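# Commentary on secondary and tertiary structure
Letter by letter, the chains look like this.
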Amino acid sequence: MFLFVLLPVMIVTGIYKLIVKNNRKSIEGKHVVVTGGSSGIGKAVAVMAAKEGANVTILARNLEKLTEAEEEIKKACINNDQIISKVSVDVSNYEAVENNLCEIEETVAPIYMLINCAGMAICGVVEEYTIADIKKIIDVNYLGTLYPIKAIIPKFKERKEGIVVLTASQVALMGMYGYSVYSSVKFALRGLAESLYQEVKPYGIGVTLSLPPDTDTPGFENENKSKPLETKLLSENGGLHQPETVAKKLLDDALTGKFFSYIGFESFILTTLCVGMSPIMSVFDTILQIIILGPLRAIGCFYINKFDKIILDCYKEKSLTKKSQ
Ligand SMILES: NC(=O)c1ccc[n+]([C@@H]2O[C@H](COP(=O)([O-])OP(=O)(O)OC[C@H]3O[C@@H](n4cnc5c(N)ncnc54)[C@H](OP(=O)(O)O)[C@@H]3O)[C@@H](O)[C@H]2O)c1
Ligand SMILES: *[C@@H]1O[C@H](CO)[C@@H](O)[C@H](O)[C@H]1NC(C)=O
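Just so you know, these numbers come straight off a predicted model, no measurement behind them.

Thresholds applied
- Residues numbered from 1 in each chain as written.
- Chains lettered and ligands numbered in written order.
- Predicted model: local features only at pLDDT ≥ 70, side-chain atom pairs only at ≥ 80, totals over all residues.
- Heavy atoms only, no water.
- Pairing = 2+ DSSP bridges.
- Helix = DSSP H or I, 4+ residues; strand = E, 2+ residues; numbered from the N terminus.
- Contact = heavy atoms within 4.5 Å.
- Axes fitted to C-alpha atoms, helices over the stretch in contact; angles between N-to-C directions.
- Near = heavy atom within 4 Å.
- Polar contact = N/O pair within 3.5 Å; in protein donor to acceptor, adjacent residues only side chain to side chain.
- Buried < 20%, exposed > 50% of the residue type's maximum accessible area, 1.4 Å probe, protein only.
- Core = buried A, V, L, I, M, F, W, Y, C linked by side-chain atoms within 4.5 Å.
- UniProt positions renumbered as here; feature names shortened; annotations may be inferred.
- Areas by Shrake-Rupley, 256 points an atom, 1.4 Å probe, with all protein chains shown as cover.
- Nonpolar A, V, L, I, M, F, W, Y, C, P; charged D, E, K, R; others polar.
- Salt bridge = Lys/Arg side-chain N within 4 Å of Asp/Glu carboxyl O.

### Things to note about the sheet that holds strand β6 (residues 206–210)
Ordered by their spatial adjacency, seven strands build an open sheet running β3-β2-β1-β4-β5-β6-β7, and the pairing between neighbours is parallel. Because the sheet does not close on itself, it has two edges, and the strands there are β3 (84–88) and β7 (260–261). In this sheet, strand β5 (residues 163–167) lies alongside strand β4 (residues 111–116) in parallel orientation, the contact comprising four bridges. Among the inter-strand pairings, Met 113 is bridged to a residue of β5, identified as Ile 163. The sheet strands contacting helix α5 (residues 131–159) are β1 (31–35), β4 and β5, and the helix crosses β4 at an angle near 160 degrees.

### Observations regarding the site of ligand 2
Ligand 2 sits among Gly 29, Gly 53, Asn 55, Asn 79, Asp 81, Gln 82, Ile 83, Val 108 and Ala 109. Measuring from an oxygen atom of ligand 2, one finds a backbone N or O atom of Gly 53 at 2.8 Å.

### Remarks on the environment of Phe 259
Of note, Phe 259 is situated in the loop between α9 (243–255) and β7. When its relative accessible area of 1% is taken as the criterion, Phe 259 is described as buried. In sequence terms Phe 259 and Glu 95 are 164 residues apart; their C-alpha atoms lie 29 Å from each other. Setting aside chain neighbours within four positions, we find Phe 259 in contact with Ala 193, Glu 194, Tyr 197, Val 207, Thr 208, Leu 209, Ser 278, Pro 279 and Met 281.

### Things to note about the nonpolar core
Counting 37 residues, the largest nonpolar core has Leu 101, Ile 149, Phe 156, Leu 166, Val 207 and Leu 209 as its most contacted members. Of all the secondary structure elements, the ones that give two or more residues to this core are α4 (94–107), β4, α5, β5, α6 (180–200) and β6. At six residues, α6 tops the list of elements feeding residues into this core. Ignoring any residue separated from it by four or fewer positions in sequence, one finds Leu 101 in contact with Val 33, Leu 59, Ile 111, Pro 148, Ala 151 and Ile 152. Membership of the second largest hydrophobic core comes to 33 residues, among which are Val 34, Val 45, Ala 46 and Leu 250.

### Here's the deal with the UniProt feature "transmembrane region" (unreviewed entry) in the protein chain
Listed under "transmembrane region" (unreviewed entry) in the UniProt record, and renumbered for this structure, are residues 162–182, 259–281 and 287–305. When the span residues 162–182 is considered, its composition is 14% helix and 24% strand, and the gap between its end C-alpha atoms is 28 Å. Within residues 259–281, the helical portion is 43% and the strand portion 9%, while the C-alpha atoms at the span's ends are 7 Å from each other.

### Focus on the site of ligand 1
Taken together, 30 residues are adjacent to ligand 1, and Ser 38, Ser 39, Tyr 182, Thr 215 and Thr 217 come closest. Within the side chain of Ser 38, a nitrogen or oxygen atom sits 2.7 Å from an oxygen atom of ligand 1. Take Asp 90: an N or O atom from its side chain is 2.9 Å from a nitrogen atom of ligand 1. In the complex, the protein chains occlude 93% of the 880 Å² of accessible area that ligand 1 would expose alone. When residues of the shell around ligand 1 are traced back to their parent elements, those giving at least two are α2 (40–51), α5, α6 and α7 (218–224). The element that contributes the greatest number of residues to the shell around ligand 1 is α7, accounting for three residues. A class-by-class count of the residues in the shell around ligand 1 yields 13 nonpolar, 12 polar and five charged.

### Some details on the pattern of salt bridges
Taken as a whole, this structure holds 13 salt bridges when the rule is applied. Salt-bridge contacts for Glu 70 lead to Lys 74; the nearest nitrogen and oxygen are separated by 3.9 Å. Of this pair, Glu 70 and Lys 74 both sit in helix α3 (residues 63–75), four residues apart, which is roughly one turn of that helix. Overall, the relative accessible area of 8% leaves Glu 70 in the buried class.

Listed below in structure tokens is the structure:
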């Protein structure tokens, strides 16, 4: 009975969605700021924004990497009027972030889009982390996202426009062995994004939470150095994606006003399973969620059991090698 009502509505809205072009906002001539824009996903986003005619400013610490990235972004420009600039700043230092964002608002142009990509991961089981590493992960990923947002939101509200992107991770939706510190900090970004969404919605400001899967970047290479075997085995299923793919989806989703940005069928399943009290995006999505959430929990349980077994096998293997020593 339930399905008889919901399915036709879904089919109609689905067709409507296909026919009516998603009105994607343009960033041509707009000022786009990308933190972590000197490497990996952030650099790919900056290059893509330049290809769309935006004036792009990248923020990161290392000046050499910034200069190299700036050259690459300049090459992607489509007209001679585009302004590409760089700022060397630690995003976890509030005063420095605020001063620099104010300055580029004056010297370049008012900021239209803030894309937070600065971040880093260190893996390990909880007792292995040094306190310094724990603080670093919190500072860069959490404060380093909150601070640029806090600094720019008053201007966005004044102008009644703007788009904010926060880059979390697939482990912002589910905990995973070896990600205790990183995952919990990325969970925090979801709370930030959902709260911010409500705060800025009346002003016409957009908020998007990007949930990248494993992506082939210098940051990922670095993360692998500390990754336990268990974590590698658990995340194997997801495959490895290209930063350009993640960047394109991030821009498309942010510019069409989506709250979550994810890639591929598996991420769609996980995001739907974890939809919780996140903003309502469309009638189509909502009806789909109402229908499939129950069955998805069953699929989720299958994976949880599979994960438990992988971890237990590793544990037994380790106990055996310990005994034989
Ligand atoms: N790659 C993946 O598999 C993956 C998966 C899920 C989520 N993510 C997330 O996606 C984002 C980008 O990751 P990525 O793999 O592209 O990393 P990446 O290649 O290591 O690039 C990180 C960027 O952030 C900058 N950065 C780091 N700490 C900073 C700080 N304190 N202040 C200012 N800038 C800082 C880096 O430049 P400097 O070091 O010079 O400052 C660099 O430009 C991160 O938030 C990451 O957690 C990545
Ligand atoms: C930004 O870029 C466009 C070109 O894409 C240009 O027309 C515009 O005037 C630029 N400058 C400012 C300050 O917005």
